[in-house]
Amino acid sequence: MIQVVDGCFAYPKGPQILDHVCFELGEGRIMTILGQNGIGKTTLIKCLTGIYKWTDGYTMIDGKRIHNIREISGLGYVPQAHPLSFSYTVRQIILMGRTRFVKTFSVPSAKDKEAVEQAMEETGIQDLADRCCNQLSGGQLQMALIARALVGNPKIMILDEPESHLDFKNQYLVLQMIEKLAREKQISCIINTHFPEHALMISDQTLMLGKGRYRFGDTDEIIKEENIAEFFHIKAKIVEVEEASRKHRAFVVLDTI
């Protein structure tokens, strides 16, 4: 579905931030990006979404090399849920996700409005439709932003720290929603996160970024105690907990290194 080949990025006259990064993600799969602050996670997201151009390397979608973000018709982007200054309603915010379907000088069609109602239903926020977005909780706003991306019928959804600024319960609800979209709608999801335990919970593959290096592979193979020590300088223990005939992997921080 989506592939990055030898992706490199450096700011003008600055050091190399991303150095020949390679990965691929299939349909309906979830990938997490992990790394310390300032290591290049958000930069990678911006290169993937076309905000930045790779200084070397390229992105491919369905085997086609992408030169311009306008070529990506099935990409949904979910930013962090920062408070909004404008008093748009939830319905209006979600409708913005249909922009590429509305012709210049046209107004949203009945089909566009129907898609908005469906996106709200799928994310469970129908009762918030007429609420102003600047009156929502962090968790409610994050679900509205996911619905805005979803209404564009994406094949790929990129989420920048979707669980940041949320309490424990809302973090879990957002993660559940991401997993539901991937498994039921076969959307490929790429998540930038600070939480290895969240990656263990829902992701199939993980890209772990370090200074001038990275590791990519199946999450169970990448999120290991030795990799956490190398990339985060944290001594951790990963344990298995069995509940309802399902094994869960838990992440416990023991000490810094």
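Just above, that's the structure.
Residues numbered from 1 in each chain as written. Predicted model: local features only at pLDDT ≥ 70, side-chain atom pairs only at ≥ 80, totals over all residues. Heavy atoms only, no water.

A few words on the side chain of glutamine 80. Structurally, glutamine 80 is set in the loop between β6 (75–78) and α2 (90–95). For glutamine 80, the side chain forms a polar contact with the side chain of glutamate 161, separated by 3.4 Å. At a separation of 3.4 Å, a polar atom in the side chain of glutamine 80 contacts the side chain of histidine 165. Leaving out residues up to four positions away in the same chain, glutamine 80 has contacts with Gln142, Leu145, Asp160, Glu161, Ser164 and His165. (Helix = DSSP H or I, 4+ residues; strand = E, 2+ residues; numbered from the N terminus. Polar contact = N/O pair within 3.5 Å; in protein donor to acceptor, adjacent residues only side chain to side chain. Contact = heavy atoms within 4.5 Å.)

What follows covers the sheet that holds strand β2 (residues 16–25). Pairing is antiparallel across the open sheet formed by 4 strands, whose spatial order is β2-β1-β4-β5. The open sheet has two edge strands, β2 and β5 (64–66), and neither has a second partner. Strand-to-strand twist across the sheet, computed as the mean angle between neighbouring axes with direction ignored, equals 25°. Where strand β4 (residues 56–61) and β5 come together, 3 bridges link them in antiparallel fashion. The residue bridging threonine 59 from the neighbouring strand is isoleucine 66, located in β5. Lying on the sheet, helix α1 (residues 41–49) is in contact with β1 (2–10) and β2; it crosses β2 at an angle near 60°. (Pairing = 2+ DSSP bridges. Axes fitted to C-alpha atoms, helices over the stretch in contact; angles between N-to-C directions.)

Turning to the packing of helix α4 (residues 138–150) against helix α5 (residues 168–185), a few remarks are in order. Packing of α4 against α5 leaves a shortest axis separation of 9 Å and a crossing angle of 15°. Judged on the interaxial angle alone, α5 and α4 are roughly parallel. In the crossing of α4 with α5, the sense of the turn from one axis to the other is right-handed. Along its contact with α4, which presents Gly139, Gln142, Met143, Ile146 and Leu150, the element α5 presents Asn170, Leu173, Val174, Met177, Leu181 and Lys185. Residue classes in the contact of α4 with α5 are distributed as 7 nonpolar, 3 polar and 1 charged. (Parallel < 35°, antiparallel > 145°, perpendicular 65-115°, else oblique. Left-handed = near helix turned anticlockwise from the far one by under 90°. Nonpolar A, V, L, I, M, F, W, Y, C, P; charged D, E, K, R; others polar.)

One finds Val90, Ile94, Ile125 and Met157 to be the most contacted residues of the largest nonpolar core, which totals 37 residues. For this core, the elements supplying multiple residues, two or more each, are α2, α3 (110–123), α4, β7 (156–160), α5 and β8 (188–192). Counting 22 residues, the second largest nonpolar core, distinct from the first, contains Phe9, Ile66, Ile156 and Ile190. (Core = buried A, V, L, I, M, F, W, Y, C linked by side-chain atoms within 4.5 Å. Buried < 20%, exposed > 50% of the residue type's maximum accessible area, 1.4 Å probe, protein only.)

According to the stated counting rule, one finds 4 aromatic pairs in the structure shown. Here the aromatic rings of phenylalanine 9 and tyrosine 11 are separated by 5.0 Å at their centres, their planes lie at 90°, and the arrangement is edge-to-face. Using a relative accessible area of 6% as the deciding quantity, one classes phenylalanine 9 as buried. For tyrosine 11, a relative accessible area of 36% corresponds to the partly exposed category. An angle of 45° between the planes, with centres 5.8 Å apart, marks the rings of phenylalanine 23 and phenylalanine 216 as tilted. Of the two residues, phenylalanine 23 sits in strand β2 while phenylalanine 216 sits in strand β10 (residues 213–218), which places them 193 residues apart along the sequence. Taking relative accessible area as the criterion, phenylalanine 23 reaches 4% and is therefore assigned buried. Since its relative accessible area comes to 25%, phenylalanine 216 is described here as partly exposed. Joined through ring pairs, the aromatic side chains of Phe9, Tyr11 and Tyr52 make up one cluster. It is arginine 65 that lies over the ring of tyrosine 58; its NZ or CZ is 3.9 Å from the centre. In this arrangement the basic side chain of arginine 213 is found over the ring face of phenylalanine 231, its NZ or CZ atom lying 4.6 Å from the centre. (Phe/Tyr/Trp six-rings, centres within 6.5 Å; stacked < 30°, edge-to-face > 60°. Lys NZ or Arg CZ within 6 Å of the ring centre and 35° of its normal.)

Positioned with a positive phi, lysine 13 is a non-glycine residue whose angle comes to about 65°. Residue position: lysine 13 is located in the loop between β1 and β2.

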